[in-house]
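Tertiary structure, described
Chain by chain, the residues:
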Amino acid sequence: MPSKYRLFDRSKLTLLPLKKRKSLLGIDIMQVPALRSEFHPSFMKVAEDLKAAKESGSARVLMLGAHVLRSGMQKYLFSLMEEGLISCIAVNGACAIHDFELAYHGSTTECVSTYISNGQFGLWQETGLLNDIVADGVKDGLGFGEAVGKYIVEEKLPSADISLFAKAYELDIPITVHVGIGYDIVHEHPNCDGGSIGQASYADFLIFAAQLESLEGGVVMNFGSAIMAPEIYLKALSMVRNAAHNSEADGHKSICHFTSLVCDLHDLPEEVSAEPPKTNAAYYFRPWKTMLVRTVADGGRSYYVRGFHADTVPGLWTAVRRCCSNSSSEG
């Protein structure tokens, strides 16, 4: 029996080609990795933990908001991925859109105030290919991230060399996409199949949870995701701890001793090991109470670094370089 409520008729929509859109960002935003003269001291501690996690085979999880890609940090991330310091990446739907548009069209990001006025915001033909890519991927048993990475690589898109999804696919690093239906511009499109989007994103959530099974002794990092990252991490961690607890008699490790890092623009105090009171607005900044306090309370450690992604990502990368350099000289 169909809904008693009227649905919006998507056949009334007009989609325009990307060549008619004025995009705000192009491939020239890509930054070439360069050492920083200074970086936050916490990054060295995280770099050391990343190195130890790689050596022990523990998870090295990176969670991102879309502004990391819009800041041109891709090549820094590629370097960390190629060195084995990232074993899983979790992103939101906006990351997939920006990454795909850059790979396909060499530009991304529209002026919302301009295009919302005439109702054209988000309604671009080529971007909607993502819906078909994901639906086809579901038919082949793929999750969202794998389907997108596979397409970019196999179709040899013009700027595939700057695609995070393509790089992850080539390196066999899971990149999981965690979508909220209605959050992303491709959900406006007539070819959007909510069932396929949901199935693909849920498969990615299970892939992400499986990666957290090896988080003991590992590192989990969040750059710029205030909601997606802490929320999927919280649920997935509960799942894997539950399963580990049920298997303790079989010798499975508990998941308590690991490092968490959050990098964002919120002005948090130097000491973040205790969550703020509910009367403090910062209490509602999920990464603090979830990633920096509650989930590491049984033996983990956490760090917060305030700054723009154009500073924090290179800062971590520089610390990794220094850490590796020190290890080489000692050897």
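Everything below is about the structure shown above.
Because the structure is a prediction, the values reported are computed rather than measured. (Residues numbered from 1 in each chain as written. Predicted model: local features only at pLDDT ≥ 70, side-chain atom pairs only at ≥ 80, totals over all residues. Heavy atoms only, no water.)

Examining the overall build of the protein
On a plain count of helices and strands, the protein comes out with twelve helices and eight strands. Taking 2.2 N^0.38 as the reference for a compact globule, 331 residues should give roughly 20 Å; the C-alpha atoms of the protein span a radius of gyration of 20 Å, in line with that estimate. Taken over the C-alpha atoms alone, the protein extends approximately 60 × 50 × 45 Å along its principal axes. Restricting the contact set of the protein to residue pairs at least 6 apart, pairs at least 24 apart contribute 80%. Split by element, the accessible area of the protein, about 15700 Å² in all, is 52% carbon and sulfur. One finds the centroid of the 30 positive side-chain charges in the protein at a distance of 5 Å from the centroid of its 38 negative side-chain charges. (Helix = DSSP H or I, 4+ residues; strand = E, 2+ residues; numbered from the N terminus. Rg over C-alpha atoms; globule rule 2.2 N^0.38 Å. Contact = heavy atoms within 4.5 Å. Areas by Shrake-Rupley, 256 points an atom, 1.4 Å probe, with all protein chains shown as cover. Lys, Arg positive; Asp, Glu negative; His and termini not counted. Charge placed at Lys NZ, Arg CZ, Asp CG, Glu CD.)

What to know about the packing of helix H4 (residues 93-105) against helix H6 (residues 129-139)
Contact pair H4 / H6: the axes reach a minimum separation of 11 Å and the direction vectors enclose 110 degrees. The angle between H4 and H6 falls in the class roughly perpendicular. On H6, the residues that touch Ala96, Ile97, Phe100 and Tyr104 of H4 are Leu129, Leu130 and Ile133. Its residues assigned to classes, the contact of H4 with H6 shows seven nonpolar, no polar and no charged. (Axes fitted to C-alpha atoms, helices over the stretch in contact; angles between N-to-C directions. Parallel < 35°, antiparallel > 145°, perpendicular 65-115°, else oblique. Nonpolar A, V, L, I, M, F, W, Y, C, P; charged D, E, K, R; others polar.)

Description of a nonpolar patch on the surface
A cluster of nonpolar side chains, contributed by Tyr202, Leu206 and Met239, occupies part of the molecular surface with about 290 Å² of accessible area. As for its placement among the helices and strands, Leu206 is situated in helix H9 (residues 194-212). (Patch = residues over 30% accessible without salt bridge, like charges linked within 9 Å, V, L, I, M, F, W, Y side chains within 5 Å. Salt bridge = Lys/Arg side-chain N within 4 Å of Asp/Glu carboxyl O.)

Details of helix H8 (residues 164-171)
Here H8 has its buried residues at Leu164, Phe165, Ala166, Lys167 and Ala168. With a side-chain oxygen lying 3.2 Å from the backbone nitrogen of Phe165, the N-terminal cap of H8 falls on Ser163. Looking one or two residues beyond H8, the residue adopting positive phi is Asp172, at roughly 60 degrees. (Buried < 20%, exposed > 50% of the residue type's maximum accessible area, 1.4 Å probe, protein only. Polar contact = N/O pair within 3.5 Å; in protein donor to acceptor, adjacent residues only side chain to side chain.)

Notes on the sheet that holds strand E2 (residues 60-64)
Overall, parallel pairing links the six strands, which are arranged E5-E3-E2-E6-E7-E8 in an open sheet. Strand pairing shows two members of the sheet lacking a second neighbour, strand E5 (175-178) and strand E8 (301-306), which therefore form its edges. With direction set aside, neighbouring strand axes in the sheet form an average angle of 15 degrees. Pairing between strand E7 (residues 259-264) and E8: six bridges, direction parallel. Paired with Leu261 across the strands is Tyr303, a residue of E8. (Pairing = 2+ DSSP bridges.)

Focus on the environment of Ala94
Looking at the secondary structure, you find Ala94 in helix H4. Between the C-alpha atoms of Ala94 and His67, which are 27 residues apart in sequence, the distance is 9.1 Å. Those residues in contact with Ala94 that lie beyond four places of it in its chain are Ala66 and Asp184.

Some points on the packing of aromatic side chains
Following the criterion strictly, the structure yields six aromatic pairs and no others. Ring geometry for Phe100 and Tyr104: centres 5.7 Å apart, planes at 35 degrees, overall tilted. Taken together, the positions of Phe100 and Tyr104, both in helix H4 and four residues apart, correspond to about one turn of that helix. Overall, Phe100 belongs to the buried group, its relative accessible area being 1%. For Tyr104, a relative accessible area of 30% translates into the label partly exposed. Here the aromatic cluster, defined as three or more aromatic residues joined through ring pairs, consists of Phe100, Tyr104 and Tyr151. In this structure, Lys167 packs its charged tip against the face of Phe78, placed 5.2 Å from the ring centre. (Phe/Tyr/Trp six-rings, centres within 6.5 Å; stacked < 30°, edge-to-face > 60°. Lys NZ or Arg CZ within 6 Å of the ring centre and 35° of its normal.)

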